[in-house]
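Each chain, written out:
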Amino acid sequence: MIAAAQQPDWDDPALLGRVVETLHTLPPLVRARECDRLAAAVARAGDGGGFVLQGGDCAERFRESGPSDVRAKLAQLYGLAATITATTGAPTAPLGRLAGQYGKPRSAPHEITADGTLVHSYRGDAVNSPTGTRSARRPDPERLLRAHRCARAVLRVVRESWPGRPPLDRAYVSHEALLLDYERPLVRDGYAASAHSVWIGERTRQPDGPHVAFARSVRNTVGVKLGPSTTPAQAAHLSRLLNPDARPGRLLFIVRLGSTRVRSLLPEIVDEVGRRGMPVVWLCDPMHGNTVRMGTGPKTRPMAAILEEVTAFVSVLRAHHRHPAGLHLEMTPDDVTECIATPAPCARAPRLPRYRTACDPRLNAAQAFEVVERFAGLL
Ligand code: PEP
Ligand code: MN
């Protein structure tokens, strides 16, 4: 098997060993029956009888795992899921990027700070701190234990929020299964006990890689991000690897091709998965294929491109007689300015006065509502 991509360069291997031992001994964060319940909701969405709304921060922060922050995130998630249900009449499973979204893949392992220091890139709170000093960026294995403690605290609030009975669906939690030193020791009874569902990112979905092997080894609903380099044959192959038994709520394909590529690339992917693949449930991530940097400004995402990708996704799936089963969004209830309304008319950096994300630009509450409204209105 090829080596795991995107793993931190932990600076104390002996300490890492002790941390992994400790993670092995901790109680599961989620229960198998909860994971199966999510899988049933995903299966219903796959059948065309419902939807999934997956969303939350690009990178969760440890310091935002307190009850008030988590309640605000849950209110946003439930509200958006309820919007889809109100428009379509079909149940919508709320699935947070929550209680574990603490590990980030990065395009470069290092970066140079404003004062010229070479530091490790920020890889999520489970690895290091976003503060741009050499010591803050040191990949610290102890942070894996803090990630587990924060996830447990977040999950307590998630469970308090669970509605007692249908038709409202419970919120579930998910994150990218990136940090194998965290995920592997948390497997319990054949399930990833770190979250109800985990996904494999665009940078770690090699069919012969350890992230796919990990996802194959657990029973949870798993997702895979599909970016523009995905060939139809690769997509079909991944569906067979990850869903060999053709379980209906097992596999989410989270499409993030970018607004300009969906109409040209997605039709063949959908066709080939239909012809030679196993059942998948199709979600649209309209965020990651539409990231741009304008001038010298920070990364942003134009709302026009996000909305266009949602529209194109629904239209392609419809044309191929597949159900557009939901959205995967990076969003926050906070009043941030990270995604922009329209592309700037020239190469000048746009003004983004409330830019607070630790990683990728998120939709604020009004923007997330607009994207969900667009999606629901097309159905
Ligand atoms: C993400 O979801 O934050 C992410 C890194 O996505 P992708 O793997 O699709 O680039
Ligand atoms: Mn992201």
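Small disclaimer: the values here were computed from a predicted structure and weren't measured.

On to the UniProt feature "binding site: phosphoenolpyruvate" (unreviewed entry) in the chain, then. Those residues carrying the UniProt feature "binding site: phosphoenolpyruvate" (unreviewed entry) are R97, E202, R203, K225 and R256 in this numbering. For R203, the location among the structural elements is in the loop between β8 (197-200) and α6 (210-217). Since 17 C-beta atoms lie within 10 Å of it, R203 is described here as partly exposed. With residues up to four places along the chain from it excluded, the contact list for R203 reads A5, Q6 and P105. If you trace the backbone, R256 turns up in the loop between β10 (251-255) and α8 (262-276). The exposure class assigned to R256 is buried, which follows from the 25 C-beta atoms found within 10 Å. Not counting residues within four places of it along the chain, the set of residues in contact with R256 comprises E202, K225, L226, G227, D285, H288 and G289.

This paragraph deals with the packing of helix α3 (residues 67-88) against helix α4 (residues 142-160). Contact geometry of α3 with α4 gives a least axis separation of 10 Å together with a crossing angle of 50°. Classed by the angle they form, the pair α3 and α4 counts as oblique. Considering how the two elements wind past one another, α3 and α4 form a crossing that is right-handed. Facing P67, V70, R71 and L74 of α3, the residues of α4 in contact are V154, V157 and V158.

Another point: the sheet that holds strand β9 (residues 221-226). On the basis of which strands lie adjacent, the closed barrel formed by eight strands has the order β1-β2-β5-β8-β9-β10-β11-β14 and parallel pairing. If you compare each strand with its neighbour and ignore which way they point, the axes differ by 25° on average.

To continue, consider the environment of S197. Along the chain, S197 falls in strand β8. For S197 and F369, which are 172 residues apart along the polypeptide, the C-alpha to C-alpha distance reads 24 Å. Those residues within four positions of S197 in sequence are excluded, and the remaining contacts are L38, L95, Y172, S174, N220, T221, V222 and G223.

Turning next to the UniProt feature "binding site: Mn(2+)" (unreviewed entry) in the chain. On the UniProt side, "binding site: Mn(2+)" (unreviewed entry) is annotated at positions that read C58, H288, E330 and D360 here. What stands out for the annotated residues spanning 303 residues is how close their C-alpha atoms remain, the widest pair being 10.1 Å apart. Residue placement: C58 occurs in the loop between β1 (51-56) and α3. When you line up the elements, H288 lands in the loop between β11 (281-284) and β12 (292-293).

Moving on, we get to helix α10 (residues 365-377). The terminal C-alpha atoms of α10 lie 18 Å apart, and with 13 residues this matches the ideal 18 Å at 1.5 Å per residue to within 8%. All of the buried residues in α10 are Q367, A368, V371, V372, F375 and A376. Tucked into the core, α10 has its buried residues touching α3, α9 (303-319) and β14 (324-330).

Among the five residues in β10, five count as buried, and that is most of the element. Of the two faces of β10, the one carrying L251, F253 and V255 and the one carrying L252 and I254 are both buried. Pairing of β9 with β10 involves five bridges; the strand directions are parallel. Its bridge partner being in β10, V224 is matched across the sheet by F253. A crossover connection joins β9 to the parallel β10 through helix α7 (residues 232-242); in handedness this β-α-β unit is right-handed. Note: β10 against β11, four bridges, orientation parallel.

Rules used throughout
- Residues numbered from 1 in each chain as written.
- Chains lettered and ligands numbered in written order.
- Predicted model: local features only at pLDDT ≥ 70, side-chain atom pairs only at ≥ 80, totals over all residues.
- UniProt positions renumbered as here; feature names shortened; annotations may be inferred.
- Helix = DSSP H or I, 4+ residues; strand = E, 2+ residues; numbered from the N terminus.
- Buried ≥ 20, exposed ≤ 12 C-beta atoms within 10 Å, placed from the backbone.
- Contact = placed C-beta atoms within 7 Å.
- Axes fitted to C-alpha atoms, helices over the stretch in contact; angles between N-to-C directions.
- Parallel < 35°, antiparallel > 145°, perpendicular 65-115°, else oblique.
- Left-handed = near helix turned anticlockwise from the far one by under 90°.
- Pairing = 2+ DSSP bridges.
- Expected span 1.5 Å × (residues − 1).
- Right-handed = clockwise from strand over helix to strand, strands pointing away.

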